[in-house]
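# Report on the structure
Listed below, chain by chain, are the residues.
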Amino acid sequence: MSPESRHQEWLDAAIEQAEKSWAEGGIPIGSVLAVDATGEIVARGHNERVQKGDPTAHAEVSCIRNAGRRRDWPSLTLVSTLSPCCMCSGTAMLFRIPRVVIGENTTFQGAEAWMSDHGIALTVLNDARCVALMERLLREKPDLWAEDIGE
């Protein structure tokens, strides 16, 4: 099965992580790392900034931390429910992750141009569930979102 045919499966897993974060009182953003050849998810993460009091604990960074020490970064695909910010995009670039699948970028557009300029292949799914998660956050906890993005 090609990586492209697995995008929805991977996004479903990232959404589970986003919902976990929301249930914990955090920001509903989730991420997974998948291996290109087999499509198996090797790590999962969700935004834990609120839960851990760690401003760097964004979903993508938490996911990459959960992946541990690896040498196969260039074969992985990073999947996130939301367009990655510059910190998370920079982390993907640092580890030479070649593909990023984005659940949605209508409520927030991260550093997509920067990733693209560095050769990362981007796929934006604009999934309605991902949009709904962020719209709920913006409606119910706008100050929390502003804090997360440094406003």
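Use the structure listed above.
What you are looking at is a predicted structure, and each value in this text was computed from that prediction instead of being measured. (Residues numbered from 1 in each chain as written. Predicted model: local features only at pLDDT ≥ 70, side-chain atom pairs only at ≥ 80, totals over all residues. Heavy atoms only, no water.)

Take the side chain of aspartate 127 next. Inspection of the secondary structure assignment puts aspartate 127 in the loop between β5 (121-124) and α6 (128-140). On the basis of relative accessible area, aspartate 127 is assigned to the buried category, the value being 12%. Within the structure, aspartate 127 has its side chain in polar contact with the backbone nitrogen of arginine 129 (distance 2.8 Å). Not counting residues up to four positions away in its chain, the partners in contact with aspartate 127 are Gln8, Leu11, Ile15, Gly103 and Glu104. (Helix = DSSP H or I, 4+ residues; strand = E, 2+ residues; numbered from the N terminus. Buried < 20%, exposed > 50% of the residue type's maximum accessible area, 1.4 Å probe, protein only. Polar contact = N/O pair within 3.5 Å; in protein donor to acceptor, adjacent residues only side chain to side chain. Contact = heavy atoms within 4.5 Å.)

Moving on, we come to the sheet that holds strand β1 (residues 30-35). Pairing in this open sheet of five strands is mixed, and the strands run β2-β1-β3-β4-β5 from one edge to the other. What marks the edges here is a single partner per strand, and that holds for β2 (41-46) and β5. Strand-to-strand twist in this sheet, taken as the mean axis angle between neighbours without regard to direction, amounts to 15°. Here β1 runs beside β2; their pairing, made up of five bridges, is antiparallel. Across the sheet, residue valine 32 finds its bridge partner in β2, namely arginine 44. (Pairing = 2+ DSSP bridges. Axes fitted to C-alpha atoms, helices over the stretch in contact; angles between N-to-C directions.)

Look at any regular strand and the pattern is simple: side chains alternate between the two faces of the sheet. Burial within strand β3 (residues 76-80) is extensive, with five of its five residues counted as buried. Of the two faces of β3, the one lined by Leu76, Leu78 and Ser80 and the one lined by Thr77 and Val79 are each fully buried. Relative to β3, β1 runs antiparallel, the two sharing five bridges. Bridge pairing in β3 places leucine 33 opposite leucine 78.

Moving on to unusual backbone geometry. Only a minority of non-glycine residues have a phi that is not negative, and only a minority of peptide bonds are not trans. For arginine 96, which is not glycine, the phi torsion reads 60° and is therefore positive. For arginine 96, the position within the fold is in the loop between α4 (86-94) and β4 (99-102). Classification of arginine 96 by relative accessible area gives exposed; the value is 62%. Of note, asparagine 126 is a non-glycine position whose phi angle comes to about 45°, a positive value.

Further remarks concern the packing of helix α3 (residues 59-67) against α4. Put simply, α3 and α4 touch, their axes get as near as 8 Å, and they point 30° apart. Between α3 and α4, the angle is such that the two are roughly parallel. Here Glu60, Val61 and Ile64 of α3 come into contact with α4, specifically with Met87, Cys88 and Thr91. Across the contact of α3 with α4, the residue classes tally to four nonpolar, one polar and one charged. (Parallel < 35°, antiparallel > 145°, perpendicular 65-115°, else oblique. Nonpolar A, V, L, I, M, F, W, Y, C, P; charged D, E, K, R; others polar.)

So far we have only geometry, and geometry alone does not tell us how the molecule works.
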